[in-house]
Amino acid sequence: MSVLSGKNILLGVTAGIAAYKSAFLVRLLIKKGAYVKVIMTPSSKEFVTPLTLSTLSKNEVYSTFTNEEDDNAQWNNHVELALWADLFLIAPATANTMSKMANGICDNLLMAVYLSAKCPVYFAPAMDLDMYKHPTTLQSFEKLENFGNIQIPAEEGELASGLIGQGRMAEPEVIISFVENDLLDKLPLKGKKILITAGPTFEAIDPVRFIGNHSSGKMGYALAEVAANMGAQITLISGPVSVSISHSFIKIINVTSASEMYEETHNYFKECDIAILSAAVADFTPIEKAAQKIKKKEDTLTIELKKTKDILASLGKIKEEKYLVGFALETENELENAKTKLKKKNLDLIVLNSLNDKGAGFKTDTNKVTLISKGNKVLPFQVKSKKEVATDILHYIIKQIYV
Ligand code: CTP
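Computed from a predicted structure; not experimentally measured.

**Student:** How would you summarise the overall build of the protein if you had to cite specific residues and measurements?
**Tutor:** Regarding its fold elements, the protein presents 13 helices and 22 strands. For the protein, the C-alpha radius of gyration of 28 Å lies well beyond 22 Å, the compact-globule estimate for 403 residues. Looking at the 403 residues of the protein, the share that counts as buried comes to 49%. Counting only carbon and sulfur atoms, one obtains 50% of the accessible surface of the protein, whose full area is about 20,600 Å². Charge separation in the protein, taken as the distance between the mean sites of 46 positive and 46 negative side-chain charges, equals 8 Å.

**Student:** Quick rundown of the site of the ligand? Include the residues and the values.
**Tutor:** Close contacts around the ligand come from 16 residues, with Leu277, Ala279, Leu312, Phe327 and Lys345 the closest. Note that an oxygen atom of the ligand is positioned 2.7 Å from one of the backbone N or O atoms of Ala279. Measuring from an oxygen atom of the ligand, one finds a side-chain N or O atom of Lys345 at 2.5 Å. Its atoms largely coinciding with the cavity grid, the ligand occupies the largest pocket. Elements with a minimum of two residues in the shell around the ligand: α11 (311–318) and β17 (323–330).

**Student:** Can you tell me about the sheet that holds strand β14 (residues 274–277), naming the residues and giving the values?
**Tutor:** Whenever strands of a sheet pair, they do so through backbone hydrogen bonds, lying parallel or antiparallel. Strand order in the open sheet formed by eight strands is β13-β12-β9-β14-β17-β18-β20-β21, and the pairing between neighbours is mixed. Single-partner strands in this sheet number two, and they are β13 (250–254) and β21 (377–380). Averaged over all pairs of adjacent strands, the angle between their axes in this sheet comes to 15°, without regard to strand direction. As defined by bridge partners, strand β9 (residues 193–198) adjoins strand β12 (residues 233–238) across six bridges and the pair is classed as parallel. Its bridge partner lying in β12, Ile194 is registered against Ile234. Across the sheet, α11 touches β14 and β17, and the angle it forms with β17 is around 150°.

Cut-offs applied
- Residues numbered from 1 in each chain as written.
- Predicted model: local features only at pLDDT ≥ 70, side-chain atom pairs only at ≥ 80, totals over all residues.
- Heavy atoms only, no water.
- Helix = DSSP H or I, 4+ residues; strand = E, 2+ residues; numbered from the N terminus.
- Rg over C-alpha atoms; globule rule 2.2 N^0.38 Å.
- Buried < 20%, exposed > 50% of the residue type's maximum accessible area, 1.4 Å probe, protein only.
- Areas by Shrake-Rupley, 256 points an atom, 1.4 Å probe, with all protein chains shown as cover.
- Lys, Arg positive; Asp, Glu negative; His and termini not counted.
- Charge placed at Lys NZ, Arg CZ, Asp CG, Glu CD.
- Near = heavy atom within 4 Å.
- Polar contact = N/O pair within 3.5 Å; in protein donor to acceptor, adjacent residues only side chain to side chain.
- 1 Å grid on protein atoms, 1.4 Å probe; cavity = no way out; pocket = protein on both sides within 12 Å on 5 of 7 lines; lining within 4 Å.
- Sits in = over half its atoms within 2 Å of the grid points.
- Pairing = 2+ DSSP bridges.
- Axes fitted to C-alpha atoms, helices over the stretch in contact; angles between N-to-C directions.
- Contact = heavy atoms within 4.5 Å.

Okay, here's the thing in structure tokens:
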């Protein structure tokens, strides 16, 4: 999955011959799973039609503040467009548009959106070689980069004029991988290895029956997905769940029982930087698993159970510099119990869910958590979707470790 997947991308098209390549850019962005809206300067429509770009982007193309041909014209809100965007890519960026960007000249919709944008702005210059080398163009590059915009350098080659030199807009594939690599480089968990446990464990009674619990795995899977999108490499040790996930940064190890989860978690713990144990591991398992299906001969049946090994506590003993996070699901004396677990299991952070809170716990798509870190610092959150909760937890961890 690309880092562009699910991103809202504004593509700004300005009036250079390379504007014909913007059709390929839109197609590639859509293929990467991005949502694309196109803003054109009025003159760029001489080079490529709005119809082409609107068909490929599956969205209306914007180029004026109002639709001039429509008596019921509506204001194209530049602020709304700018805030919608996760990133703004201006390709091709002509000398004229770059000069306006460098000087804050707001004489068309694209410029108004640019000046309103809070997201990262990438620009891919395109022009003839002498224009490219002109001191005012070089000054625009410098100013734009000083403002925090990111330049996608033009390539050397044959230009539309027939001259050979630098000024040809980077090819659409090059632009896309430039943006992908730049975004990946800036991800807050880039290069970090995170181990996550999720879901329930099933403890076999006989070949067809088991002791399990209601954990859906949704919280652990949300953590894995959000952390992977922040650039981390994830090993997800999962008990039996019906949720699924596919992400190039996530490796899933499927297990069934608490003892299998113990083994696999220890196998991968050595190489991780952060471990988050969200699985609802069975605390007890049958001492013996019947070889054959148990028949209902008697009126009662007693199954003797023994304690499982506490995975989290065992990691707390060997954690050294690793950041270790546990979960606590409580029904009474929530804060006190969670604080005791934090200390007893030698954790850096514990995520408390209370079954008394509406919208928290197993199977739901929402959760309400309180984070308690070393030194008993307590941070409660509202009910949120499990993805938002995962984001809160990961932001908290990033602040604790890396900021
Ligand atoms: N945990 C674990 N291995 C176990 C049991 C629990 O790794 N055998 C982890 C869970 O993944 C969770 C944390 O321990 O991160 C808390 O689990 P919980 O069941 O709430 O606490 P327990 O320590 O088992 O205590 P109790 O059941 O008595 O509340």
